[in-house]
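Descriptive analysis of the structure
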Amino acid sequence: MTRLLASVATLDELTLAARGGADILDLKDPKAGALGAWPLDGIARAVREARRWPVRPPLSATVGDLPMAPAAVTGRVAETWACGVDYVKIGLCPSGDPAACVAALEPEARRGARIVAMLFADLWTDANRLLPDLAQAGFVGAMLDTAGKGAGGLLRHKTNGELARFVEQARGLGLLTGLAGSLRREDVPALLPLAPDYLGFRTALCVGADRGGALDPTALAALRHAVPRRLASA
Ligand SMILES: O=C[C@H](O)COP(=O)(O)O
(Lines give C-alpha, C1' and ligand atoms only; values in the text may rest on other atoms or scores of the structure.)
Protein backbone atom coordinates (compact mmCIF):
# COMPACT_ATOMS: atom_id res chain seq x y z
CA MET A 1 0.00 0.00 0.00
CA THR A 2 1.29 3.43 -0.87
CA ARG A 3 0.06 6.10 1.52
CA LEU A 4 -0.26 9.82 1.02
CA LEU A 5 1.80 12.03 3.31
CA ALA A 6 0.72 15.66 3.47
CA SER A 7 3.01 18.29 4.97
CA VAL A 8 1.02 20.87 6.90
CA ALA A 9 2.13 24.26 8.16
CA THR A 10 -0.60 25.19 10.63
CA LEU A 11 -3.22 23.67 12.90
CA ASP A 12 -5.90 24.67 10.41
CA GLU A 13 -4.05 22.81 7.68
CA LEU A 14 -3.70 19.82 9.98
CA THR A 15 -7.47 19.61 10.21
CA LEU A 16 -7.94 20.24 6.48
CA ALA A 17 -5.48 17.51 5.57
CA ALA A 18 -7.10 15.03 7.94
CA ARG A 19 -10.53 15.79 6.52
CA GLY A 20 -9.11 15.49 3.01
CA GLY A 21 -8.02 11.94 3.72
CA ALA A 22 -4.23 12.26 4.05
CA ASP A 23 -2.77 9.07 5.50
CA ILE A 24 0.09 10.75 7.37
CA LEU A 25 0.03 14.32 8.64
CA ASP A 26 3.50 15.80 8.53
CA LEU A 27 4.15 18.90 10.64
CA LYS A 28 6.54 21.08 8.68
CA ASP A 29 7.17 24.79 8.24
CA PRO A 30 7.87 25.05 4.50
CA LYS A 31 8.91 28.69 4.83
CA ALA A 32 11.79 27.65 7.08
CA GLY A 33 13.49 25.33 4.60
CA ALA A 34 13.17 21.86 3.13
CA LEU A 35 12.65 20.40 6.61
CA GLY A 36 11.56 23.54 8.45
CA ALA A 37 10.39 22.63 11.94
CA TRP A 38 7.32 23.67 13.86
CA PRO A 39 8.10 25.06 17.30
CA LEU A 40 7.96 22.32 19.93
CA ASP A 41 4.95 23.77 21.69
CA GLY A 42 3.12 23.85 18.33
CA ILE A 43 3.94 20.17 17.74
CA ALA A 44 2.65 19.24 21.21
CA ARG A 45 -0.52 21.22 20.55
CA ALA A 46 -1.08 19.48 17.22
CA VAL A 47 -0.71 16.10 18.94
CA ARG A 48 -3.24 17.11 21.61
CA GLU A 49 -5.63 18.36 18.94
CA ALA A 50 -5.36 15.16 16.87
CA ARG A 51 -5.89 12.97 19.92
CA ARG A 52 -9.35 14.46 20.28
CA TRP A 53 -10.39 13.13 16.88
CA PRO A 54 -12.26 9.81 16.83
CA VAL A 55 -9.86 8.50 14.21
CA ARG A 56 -6.54 10.09 13.57
CA PRO A 57 -3.83 9.40 11.01
CA PRO A 58 -0.25 9.14 12.27
CA LEU A 59 1.59 12.42 12.80
CA SER A 60 5.19 13.05 11.82
CA ALA A 61 7.29 16.11 12.60
CA THR A 62 10.47 17.39 11.06
CA VAL A 63 13.33 18.71 13.17
CA GLY A 64 14.54 21.50 10.90
CA ASP A 65 17.53 21.73 8.59
CA LEU A 66 20.13 20.95 11.23
CA PRO A 67 23.92 20.89 10.87
CA MET A 68 25.29 17.36 10.66
CA ALA A 69 26.81 17.22 14.14
CA PRO A 70 25.64 14.81 16.88
CA ALA A 71 25.30 17.62 19.42
CA ALA A 72 22.96 19.48 17.07
CA VAL A 73 20.64 16.61 16.28
CA THR A 74 20.25 14.39 19.34
CA GLY A 75 18.53 16.89 21.62
CA ARG A 76 16.14 18.13 18.98
CA VAL A 77 15.13 14.63 17.90
CA ALA A 78 14.50 13.64 21.53
CA GLU A 79 12.50 16.80 22.23
CA THR A 80 10.40 16.32 19.11
CA TRP A 81 9.71 12.67 19.90
CA ALA A 82 8.72 13.65 23.45
CA CYS A 83 5.93 15.81 21.97
CA GLY A 84 4.05 12.60 21.17
CA VAL A 85 4.29 12.35 17.39
CA ASP A 86 4.42 8.96 15.70
CA TYR A 87 7.52 9.69 13.61
CA VAL A 88 10.38 12.17 13.78
CA LYS A 89 11.94 13.06 10.43
CA ILE A 90 15.56 14.16 10.27
CA GLY A 91 17.40 15.28 7.15
CA LEU A 92 20.83 13.79 6.51
CA CYS A 93 23.23 15.80 4.32
CA PRO A 94 26.65 14.81 3.00
CA SER A 95 28.23 17.89 4.59
CA GLY A 96 29.43 17.50 8.18
CA ASP A 97 29.29 14.05 9.74
CA PRO A 98 25.98 12.31 8.94
CA ALA A 99 27.35 8.90 9.93
CA ALA A 100 28.15 10.20 13.41
CA CYS A 101 24.64 11.67 13.63
CA VAL A 102 23.07 8.33 12.74
CA ALA A 103 25.18 6.55 15.35
CA ALA A 104 24.40 9.21 17.97
CA LEU A 105 20.67 8.72 17.41
CA GLU A 106 20.80 4.96 18.01
CA PRO A 107 20.18 5.24 21.79
CA GLU A 108 17.08 7.37 21.18
CA ALA A 109 15.84 4.88 18.57
CA ARG A 110 16.50 1.98 20.96
CA ARG A 111 14.45 3.78 23.61
CA GLY A 112 11.55 3.70 21.15
CA ALA A 113 11.72 6.87 19.07
CA ARG A 114 10.52 6.16 15.55
CA ILE A 115 13.02 8.07 13.45
CA VAL A 116 12.82 8.46 9.67
CA ALA A 117 15.85 9.65 7.72
CA MET A 118 15.26 12.14 4.94
CA LEU A 119 17.93 11.69 2.29
CA PHE A 120 18.21 14.48 -0.20
CA ALA A 121 18.34 13.16 -3.74
CA ASP A 122 19.91 16.37 -5.03
CA LEU A 123 22.76 16.20 -2.49
CA TRP A 124 23.58 12.50 -2.25
CA THR A 125 24.97 10.71 -5.29
CA ASP A 126 24.47 7.34 -3.60
CA ALA A 127 21.99 7.61 -0.77
CA ASN A 128 21.55 3.82 -0.75
CA ARG A 129 24.88 3.29 0.93
CA LEU A 130 23.49 4.90 4.11
CA LEU A 131 20.62 2.45 4.37
CA PRO A 132 22.38 -0.39 6.21
CA ASP A 133 23.63 2.02 8.88
CA LEU A 134 20.13 3.45 9.34
CA ALA A 135 18.67 0.00 9.83
CA GLN A 136 21.48 -0.95 12.18
CA ALA A 137 20.88 2.17 14.28
CA GLY A 138 17.19 1.39 14.68
CA PHE A 139 15.73 4.00 12.33
CA VAL A 140 12.26 2.94 11.20
CA GLY A 141 12.29 4.50 7.75
CA ALA A 142 14.15 6.25 4.98
CA MET A 143 12.71 8.71 2.54
CA LEU A 144 14.16 10.39 -0.52
CA ASP A 145 13.33 14.08 -0.82
CA THR A 146 14.99 17.15 -2.32
CA ALA A 147 16.73 19.94 -0.44
CA GLY A 148 16.66 22.57 -3.18
CA LYS A 149 13.00 23.15 -3.80
CA GLY A 150 13.62 25.53 -6.69
CA ALA A 151 15.83 23.16 -8.65
CA GLY A 152 13.37 20.62 -9.99
CA GLY A 153 11.71 17.70 -8.33
CA LEU A 154 12.82 14.21 -7.36
CA LEU A 155 12.40 12.85 -10.88
CA ARG A 156 14.87 15.36 -12.20
CA HIS A 157 17.54 13.99 -9.89
CA LYS A 158 16.90 10.24 -9.90
CA THR A 159 15.85 7.81 -12.59
CA ASN A 160 12.99 5.41 -12.12
CA GLY A 161 15.51 2.60 -11.81
CA GLU A 162 17.42 4.41 -9.05
CA LEU A 163 14.20 5.03 -7.16
CA ALA A 164 13.19 1.40 -7.54
CA ARG A 165 16.54 0.26 -6.14
CA PHE A 166 16.21 2.66 -3.22
CA VAL A 167 12.76 1.35 -2.32
CA GLU A 168 13.80 -2.26 -2.76
CA GLN A 169 16.98 -1.98 -0.72
CA ALA A 170 15.37 0.02 2.10
CA ARG A 171 12.47 -2.40 2.30
CA GLY A 172 14.86 -5.32 2.29
CA LEU A 173 16.44 -3.85 5.41
CA GLY A 174 13.06 -3.57 7.09
CA LEU A 175 12.75 0.19 6.67
CA LEU A 176 9.61 2.09 5.75
CA THR A 177 10.17 3.77 2.41
CA GLY A 178 9.07 7.14 1.12
CA LEU A 179 9.52 9.34 -1.92
CA ALA A 180 9.02 13.09 -2.10
CA GLY A 181 10.55 16.20 -3.59
CA SER A 182 8.30 18.64 -5.43
CA LEU A 183 6.27 15.71 -6.72
CA ARG A 184 3.40 16.64 -9.00
CA ARG A 185 0.17 14.81 -9.47
CA GLU A 186 1.27 13.75 -12.93
CA ASP A 187 4.36 12.08 -11.41
CA VAL A 188 2.25 9.69 -9.36
CA PRO A 189 1.44 7.06 -12.03
CA ALA A 190 5.14 6.43 -12.59
CA LEU A 191 5.84 6.19 -8.85
CA LEU A 192 3.01 3.94 -7.66
CA PRO A 193 4.43 0.83 -9.39
CA LEU A 194 7.59 1.26 -7.30
CA ALA A 195 5.35 0.67 -4.26
CA PRO A 196 6.95 3.01 -1.73
CA ASP A 197 5.17 2.99 1.63
CA TYR A 198 4.38 6.63 1.15
CA LEU A 199 4.54 9.51 -1.28
CA GLY A 200 5.05 12.92 0.33
CA PHE A 201 3.70 16.23 -0.88
CA ARG A 202 3.75 19.89 0.02
CA THR A 203 4.22 21.93 -3.15
CA ALA A 204 1.52 20.09 -5.09
CA LEU A 205 -0.93 20.57 -2.22
CA CYS A 206 -0.69 24.34 -2.23
CA VAL A 207 -2.55 27.06 -4.04
CA GLY A 208 -0.57 27.83 -7.18
CA ALA A 209 2.00 25.15 -6.24
CA ASP A 210 3.58 27.68 -3.88
CA ARG A 211 4.85 25.49 -1.04
CA GLY A 212 4.95 28.44 1.33
CA GLY A 213 1.36 29.28 0.53
CA ALA A 214 -1.90 27.83 1.75
CA LEU A 215 -2.98 24.20 1.48
CA ASP A 216 -5.63 23.82 -1.20
CA PRO A 217 -8.29 21.18 -0.40
CA THR A 218 -9.00 20.77 -4.12
CA ALA A 219 -5.38 19.94 -4.81
CA LEU A 220 -5.40 17.48 -1.92
CA ALA A 221 -8.52 15.83 -3.29
CA ALA A 222 -6.84 15.44 -6.69
CA LEU A 223 -3.79 13.84 -5.06
CA ARG A 224 -5.98 11.61 -2.93
CA HIS A 225 -7.60 10.44 -6.14
CA ALA A 226 -4.18 9.84 -7.72
CA VAL A 227 -2.96 7.81 -4.70
CA PRO A 228 -6.03 5.65 -4.19
CA ARG A 229 -6.63 3.85 -0.95
CA ARG A 230 -7.92 0.75 -2.73
CA LEU A 231 -4.32 -0.16 -3.58
CA ALA A 232 -4.22 -1.43 0.00
CA SER A 233 -6.12 -4.54 -0.99
CA ALA A 234 -5.02 -4.77 -4.61
O1 LIG B 1 7.78 15.32 3.16
C2 LIG B 1 7.34 15.74 2.09
C3 LIG B 1 7.63 17.13 1.71
O4 LIG B 1 7.01 18.05 2.55
C5 LIG B 1 7.46 17.38 0.29
O6 LIG B 1 7.53 18.75 0.03
P7 LIG B 1 7.59 19.24 -1.48
O8 LIG B 1 6.49 18.55 -2.21
O9 LIG B 1 7.38 20.72 -1.40
O10 LIG B 1 8.94 18.87 -1.98
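Above: the structure in question.
Residues numbered from 1 in each chain as written. Predicted model: local features only at pLDDT ≥ 70, side-chain atom pairs only at ≥ 80, totals over all residues. Heavy atoms only, no water.

**A closer look at the site of the ligand**
Residues in close proximity to the ligand total 16 residues, the closest being Ser-7, Lys-28, Lys-149, Ser-182 and Thr-203. At 3.0 Å from an oxygen atom of the ligand is found a side-chain nitrogen or oxygen belonging to Lys-89. Here an oxygen atom of the ligand and a backbone polar atom of Ser-182 are 2.6 Å apart. Calculation on the ligand without its partners gives an accessible area of 310 Å², and the protein chains cover 100% of this total. One can see that the ligand is located within the largest cavity. When contributions to the shell around the ligand are tallied by element, the ones reaching two or more residues are strand 1 (3–8), strand 6 (141–145) and strand 8 (198–201). Taken together, the residues of the shell around the ligand sort by class into 4 nonpolar, 5 polar and 7 charged. (Near = heavy atom within 4 Å. Polar contact = N/O pair within 3.5 Å; in protein donor to acceptor, adjacent residues only side chain to side chain. Areas by Shrake-Rupley, 256 points an atom, 1.4 Å probe, with all protein chains shown as cover. 1 Å grid on protein atoms, 1.4 Å probe; cavity = no way out; pocket = protein on both sides within 12 Å on 5 of 7 lines; lining within 4 Å. Sits in = over half its atoms within 2 Å of the grid points. Helix = DSSP H or I, 4+ residues; strand = E, 2+ residues; numbered from the N terminus. Nonpolar A, V, L, I, M, F, W, Y, C, P; charged D, E, K, R; others polar.)

**Considering the pairing of strand 1**
By the criterion of burial, strand 1 is predominantly enclosed, with 5 of the 6 residues buried. Pairing of strand 1 with strand 8, which is carried by 4 bridges, proceeds in the parallel orientation. The partner of Arg-3 across the bridge, within strand 8, is Tyr-198. Crossover connection from strand 1 via helix 1 (residues 11–19) to parallel strand 2 (residues 24–27): handedness right-handed. (Buried < 20%, exposed > 50% of the residue type's maximum accessible area, 1.4 Å probe, protein only. Pairing = 2+ DSSP bridges. Right-handed = clockwise from strand over helix to strand, strands pointing away.)

**With respect to the pattern of salt bridges**
A complete count under the given rule lists 13 salt bridges for this structure. Its salt-bridge partner being Asp-197, residue Arg-171 comes within 3.5 Å of it at the nearest N-O pair. Pair noted here: Arg-171 is in helix 7 (residues 160–172) and Asp-197 is in the loop between helix 8 (188–191) and strand 8, with a separation of 26 residues, a long-range link. In this structure Arg-171 comes out as partly exposed when scored by relative accessible area, which is 37%. Note on Asp-197: relative accessible area 14%, which makes it buried. (Salt bridge = Lys/Arg side-chain N within 4 Å of Asp/Glu carboxyl O.)

**Considerations on the environment of Tyr-198**
On the secondary structure map, Tyr-198 appears in strand 8. Relative accessible area serves as the criterion here: at 4%, Tyr-198 is assigned to the buried category. Sequence separation of Tyr-198 and Glu-106 is 92 residues, and the distance between their C-alpha atoms is 24 Å.

**Section: the pairing of strand 7 (residues 176–179)**
Alternating residues of strand 7 divide into Leu-176 and Gly-178 and Thr-177 and Leu-179, and every residue in both groups is buried. As paired strands, strand 6 and strand 7 are joined by 4 bridges and run parallel to one another. If you follow Ala-142 over to strand 7, its bridge partner there is Thr-177. With 2 bridges connecting them, strand 7 and strand 8 associate as parallel partners. Within strand 8, the position partnered with Gly-178 by the bridge is Tyr-198.

Don't take any of this as a statement about function, it's just geometry.
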